[in-house]
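Architecture at a glance
Listed below, chain by chain, are the residues.
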Amino acid sequence: MNTSWQHGFDWNLVRSFLVALDQGSLLGAARVLGISQPTVGRHIAELESQLGVVLFERTGRGLLPTSTALQLCEAARGMEAGALQLARTLSGVQTQTAGTVRITASVPVAVNLMPPLLARMRLALPDIQVELVSSNQVSNLLRREADIAVRMVRPDQASLVARKIGEVGLGAYAHRSYLARRGPLRKPADLLHHDLIGSDTDTAILQGFQAMGYPVTREVFVLRSDDFIVQWQAVRAGLGVGFCADYLARHEPDVVRVLPGLLKIPPLPMWLAVHREIRTNRRIRAVYDFLAQALPDVI
């Protein structure tokens, strides 16, 4: 018997063999398999060639199995049972909704937006547990550091699916107590005469000032921190003027926007990214769909 078939084995050949054995003809096998009669014939001929044996005698009444075919039948049935079990197991994994989904999001999003959404999702998807990674670093979905990512930049990996779900508005904000102490701001240039809160290593705010014609340095900030929650809490404490997402100030009546309509800060796009596994994993797809629908309402 030729054993070279082990290096390029095709399960479809064995499947056609078994159905032909059960049906007793190429035509009957073709009907069961939903393929053409010549295709079934080629499958059996290829299997015979790979094994180096004759499996059927072609007669006017159909196919007559040889003694070799009958000897191989039991082993082939075992392969068929294994293949069916594999398909059932895979189907169960892909359709299962219970389990854990790991989500990564920037610190402000994870701290302020995600908890209320996850409370709602708990009611909608009670069989799912969530691992929430709060980080401003972009987690690598390809290495499965997370299943789903909420990002402010669009991922460029071809194997990821990214969906823009909205834009995060940004503005300059200050506490009423600070403004009462220091006075109002009437034009963008007034910012340079106020206590500003900004980033330590991130240069986005400095670049914004430069775009307005004010080439300032990081020393313009009385408080520097790359933690956006620290910046926001400093604004809430009345330390100075900070640059924050609109959703942070939405429920803070004592924190007001300064220079409304005068200070134009481009919004940040929000992307929902996931590995292409979303197409086959029901659990991840359920969480992805929930976030895609819920996040635009809160940013």
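On a predicted model such as this, the values are computed, not experimentally measured, just so you know. (Residues numbered from 1 in each chain as written. Predicted model: local features only at pLDDT ≥ 70, side-chain atom pairs only at ≥ 80, totals over all residues. Heavy atoms only, no water.)

Looking at the layout of surface pockets
In this model, the largest pocket occupies a volume close to 1100 Å³. Taken together, 38 residues line the largest pocket, and the ones lying closest to its centre are Leu-170, Asp-202, Ala-204, Phe-228 and Leu-268. Elements supplying a minimum of two residues to the lining of the largest pocket: β3 (99–105), α5 (107–124), β5 (148–151), α7 (204–211), α8 (228–236), β10 (241–245) and α9 (246–249). Here the lining of the largest pocket takes five residues from α7, the largest share from any one element. Looking at the lining of the largest pocket, its residues break down into 26 nonpolar, nine polar and three charged. (1 Å grid on protein atoms, 1.4 Å probe; cavity = no way out; pocket = protein on both sides within 12 Å on 5 of 7 lines; lining within 4 Å. Points joined across faces, edges and corners; volume = space filled by probe spheres on them. Helix = DSSP H or I, 4+ residues; strand = E, 2+ residues; numbered from the N terminus. Nonpolar A, V, L, I, M, F, W, Y, C, P; charged D, E, K, R; others polar.)

Things to note about the sheet that holds strand β8 (residues 196–198)
Taken in spatial order, the five strands of this open sheet run β9-β8-β10-β7-β11, and their pairing is mixed. Looking along the sheet, the strands with just one partner apiece sit at the ends: β9 (221–224) and β11 (255–258). On average, each strand axis in the sheet is tilted by 45° relative to the strand beside it, whichever way the strands run. Summarising the sheet, strand β7 (residues 170–175) and β11 pair through four bridges and their orientation is antiparallel. The partner of Tyr-173 across the bridge, within β11, is Arg-257. In this fold α7 packs onto β8, β9 and β10, with an angle of close to 125° to the strand it touches most, β8. (Pairing = 2+ DSSP bridges. Axes fitted to C-alpha atoms, helices over the stretch in contact; angles between N-to-C directions. Contact = heavy atoms within 4.5 Å.)

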